[in-house]
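Coordinate inspection notes
Spelled out, the chains give:
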Amino acid sequence: MKLIIKNGTVVTADRTYKSDLICCDGIIKKIGENLEGKADRVIDAEGKFIMPGGIDPHTHMELPFMGTVASETFYTGTAAGAAGGNTMIIDFVIPNPGENLLEAYKKWRGWAEKAATDYSFHVAITWWDESVHADMGTLVKEHGVNSFKHFMAYKGAIMAPDDTLVPSFKRCLELGAIPTVHAENGELVYFLQKEMKNKGIYGPEGHPQSRPPMVEGEAANRAIRLAQAIEVPIYVVHVSCQEALEPIIRARSEGQRVYGECLAGHLEIDDSVYYNKDWAVAAAHVMSPPFRPKKHQEILWKALQSGNLQTTATDHCCFCADQKAMGKDDFSKIPNGTAGIEDRMAILWDSGVNTGRLTMNEFVAVTSANAAKIFNLYPRKGAIIEGADADIVIWDPEAERTISAKTHHQNVDFNIFEGRTVRGIPKYTISRGNVIFDDGELKAVEGAGRYINRPPFNRDYEAVKKSLVFNAPKKAER
Ligand code: DUC
Ligand code: ZN
Ligand code: ZN
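In what follows, the accompanying structure is described.

Definitions and cut-offs
- Residues numbered from 1 in each chain as written.
- Chains lettered and ligands numbered in written order.
- Predicted model: local features only at pLDDT ≥ 70, side-chain atom pairs only at ≥ 80, totals over all residues.
- Heavy atoms only, no water.
- Donors = N, O, S within 2.8 Å, 3.2 Å for Na, K, Ca; no water.
- Helix = DSSP H or I, 4+ residues; strand = E, 2+ residues; numbered from the N terminus.
- Buried < 20%, exposed > 50% of the residue type's maximum accessible area, 1.4 Å probe, protein only.
- Core = buried A, V, L, I, M, F, W, Y, C linked by side-chain atoms within 4.5 Å.
- Contact = heavy atoms within 4.5 Å.
- Pairing = 2+ DSSP bridges.
- Near = heavy atom within 4 Å.
- Polar contact = N/O pair within 3.5 Å; in protein donor to acceptor, adjacent residues only side chain to side chain.
- Areas by Shrake-Rupley, 256 points an atom, 1.4 Å probe, with all protein chains shown as cover.
- Nonpolar A, V, L, I, M, F, W, Y, C, P; charged D, E, K, R; others polar.
- Expected span 1.5 Å × (residues − 1).
- Arc of directions from axis to C-beta.
- Axes fitted to C-alpha atoms, helices over the stretch in contact; angles between N-to-C directions.
- Salt bridge = Lys/Arg side-chain N within 4 Å of Asp/Glu carboxyl O.

Right, let's get into the coordination of the zinc ion (ligand 3). Distances from the zinc ion (ligand 3) to its protein donors, namely His 58 (NE2), His 60 (NE2) and Asp 315 (OD), fall within the range 2.0 to 2.2 Å. Between consecutive donor residues of the zinc ion (ligand 3), the sequence gaps follow H-x1-H-x254-D.

This brings us to the coordination of the zinc ion (ligand 2). Donor atoms from the polypeptide that coordinate the zinc ion (ligand 2) comprise His 182 (ND1) and His 238 (NE2), at 2.1 Å from the metal. Between the zinc ion (ligand 2) and the zinc ion (ligand 3), a spacing of 3.4 Å is present. Of this pair, His 182 sits in strand β12 (residues 178–182) while His 238 sits in the loop between β13 (234–236) and α8 (242–253), and the two are 56 residues apart along the sequence. The class of His 182 is buried, set by a relative accessible area of 2%. With a relative accessible area of 1%, His 238 lands in the buried category.

The biggest cluster of nonpolar side chains holds 105 residues, and the ones touching the most others in it are Met 51, Phe 148, Phe 169, Leu 309, Leu 348 and Phe 363. With 7 residues, helix α7 (residues 213–230) is the largest single contributor of residues to this core. Ignoring sequence-local partners within four residues, the contact set of Phe 363 consists of Met 51, Met 345, Leu 348, Trp 349, Val 353, Leu 358 and Trp 395.

Next up on the list: the pairing of strand β5 (residues 49–52). Where strand β1 (residues 2–11) lies against β5, 2 bridges are found, and the strand directions are parallel. Each bridged residue has a counterpart across the sheet, and for Thr 9 the counterpart in β5 is Phe 49. Two strands pair when backbone bridges link them, and β5 and strand β16 (residues 392–402) are joined in this way by 4 bridges, in the antiparallel orientation. Directly across from Met 51, in β16, lies its bridge partner Val 393.

This part takes up unusual backbone geometry. Both trends apply: most residues other than glycine have a negative phi, and most peptide bonds are in trans. Here the residue pair Ser 288 and Pro 289 is connected by a cis peptide bond, since its omega of -5° sits within 30 degrees of zero. One can find Pro 289 in the loop between α10 (279–284) and α11 (295–306). Phi at Asn 7 takes a positive value of approximately 70°, unusual for a residue other than glycine. On the secondary structure map, Asn 7 appears in strand β1. Even without a glycine there, the phi angle at Asp 315 is positive, about 60°. Judged by relative accessible area, Asp 315 falls into the buried class, the value being 8%.

On to the site of ligand 1, then. As a structural note, the neighbourhood of ligand 1 is formed by His 60, Phe 65, Phe 151, Tyr 154, His 182, His 238, Met 287, Ser 288, Asp 315, Cys 317, Asn 336 and Gly 337. Within the side chain of Tyr 154, one N or O atom sits 3.2 Å away from a nitrogen atom of ligand 1. Separating a nitrogen atom of ligand 1 from a backbone N or O atom of Asn 336 is a distance of 2.9 Å. For ligand 1, the protein covers 99% of the area, taking 240 Å² as the surface of the free molecule. Each residue belonging to the shell around ligand 1 can be placed in one class, and the counts come to 5 nonpolar, 6 polar and 1 charged.

Turning our eyes to something else, we now look at the environment of Gly 67. As for its placement among the helices and strands, Gly 67 is situated in the loop between β7 (64–65) and β8 (68–69). Accessibility expressed as a relative area gives 75% for Gly 67, which makes it exposed. Linking Gly 67 and Trp 349, residues 282 residues apart in sequence, is a C-alpha distance of 36 Å.

Attention shifts here to helix α2 (residues 101–112). For α2, spanning 12 residues, the distance from its first C-alpha to its last is 16 Å, which sits close to the expected 16 Å at 1.5 Å a residue. Buried within α2 we find Leu 101, Leu 102, Ala 104, Tyr 105, Trp 108, Arg 109 and Ala 112. Summarising the axial view, the buried residues of α2 lie within an arc of 160°, below the 170-degree limit, and thus occupy one face. Packed against the buried residues of α2 are β7, α1 (74–83), β9 (86–93), β10 (118–124) and α3 (130–143). At the N-terminal end of α2, a side-chain oxygen is found 2.9 Å from the backbone nitrogen of Leu 102, two or three residues along, and the residue is Asn 100.

Okay, the sheet that holds β9 next. Taken together, 8 strands build an open sheet; the order of strands is β6-β9-β10-β11-β12-β13-β14-β15 and the sheet is parallel. For this open sheet the edge positions go to β6 (54–59) and β15 (311–313), each flanked by a neighbour on one side alone. Each strand axis lies, on average, 30° off the axis of its neighbour in the sheet, ignoring direction. As paired strands, β10 and strand β11 (residues 147–151) are joined by 2 bridges and run parallel to one another. Across the sheet, residue Val 123 finds its bridge partner in β11, namely Phe 148. On top of the sheet, α8 reaches β13 and β14 (258–263); it is set at about 150° to β14, its chief contact.

One pass over the full model with this rule turns up 29 salt bridges. The salt bridge involving Arg 211 is made with Glu 184; its shortest N-O contact spans 2.9 Å. Of this pair, Arg 211 sits in the loop between α6 (206–209) and α7 while Glu 184 sits in the loop between β12 and α5 (186–198), and the two are 27 residues apart along the sequence. We classify Arg 211 as buried; its relative accessible area is 3%. Residue Asp 330 pairs with Lys 197 through a salt bridge whose shortest N-O separation is 3.1 Å. Remark: Lys 197 occurs in helix α5 and Asp 330 occurs in the loop between α12 (321–324) and α13 (344–353); sequence separation between them is 133 residues. A relative accessible area of 9% places Asp 330 in the buried class.

Here it is as structure tokens:
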């Protein structure tokens, strides 16, 4: 497939310039002025911006969680992502405590073969013994995993206490992998949930009340201090409040390599949603960390502007109304999770670029390039350069869309951004040179996405060499 994109303006994290592009065999082959030649398709991008496809570094497709399974599959979720301008996700392998890491990894790889766009995996460390230590090594050296996730919440399920965090962080350091954390103090959440119920609070308002900002702040600070002691970089997922941001800013100013992610939802939605009279609407917003009092939103925007937070994501984890109803009589049983993969980029553009909070180049940085750099995918992903994967979004800054569950492609019956009109949406999404979102028409193909190896950060050149092989190993080689 040969594709020529003409007359557009290329916008990357570091520059903006007029240029044509030729994509061939899934790669950006040539960038330059007045490019001509035979092609299967020519797109006129006059008045449009040609940017790296979005990378959502935090999704949970078909996740088994809280007694149910997230409703979005790897196919439907990546297809919806493409409708929103995304060309890659990094999802999570989450073994049950005691489950063999490699077996869990293979299980998730199997599920993800349905994906329509490229994907990779963080692997969660939910328990600890010598086999986990060894399997982390195998995942890094043979399977292109360079990041391990730690849930500091969800006591009695997947929570990693300090005696898991410490050896796992140390192992990450040895392997050249980066630890990531869901920062909430799980003991405190457990305690506060009981307190709520003792007071007779069983409705969705109990969710934010049992997970206040200091719960997140304590865990973020503890994880960052542990990483400091162990001298390993750290990435804090879904930073939602000032209390979690403060230790990040302090550590960064002291020279510690700490990265932070925020979610489109936390930038836009506040905790009043949990007091909606309609139980289903309140429950539909239950995710962790919860949406925060409004003042935190501007603080998160400022952190994105200043570079103290580097990435944006969605924590896309869909549960339909019948699944949320599992917590009808007890907020702590409402499956945690909200959608957003289709809307993140448009929300970031409309609330970020259109308002002047972000430049277009900063938009690219926080929607793709920075994630690609932090997770060692750059410049294969997150860049428009010759030789990079032809993962591109052609953005129409003037077109509008009103977000609604009635029209979105996400496989869930609710949209947290319902009714919001955004100006600036994708016109074409191109995955490895194929147009999979074509001027409003979704043409995603089940199974077209490929697993992307991510090399470690250290000088284990053998592991780096293996992971840098651009094409994923065939099924039989896994
Ligand atoms: N938070 C959620 O809301 N859902 C999935 C996991 C998580 O940490
Ligand atoms: Zn989380
Ligand atoms: Zn998550």
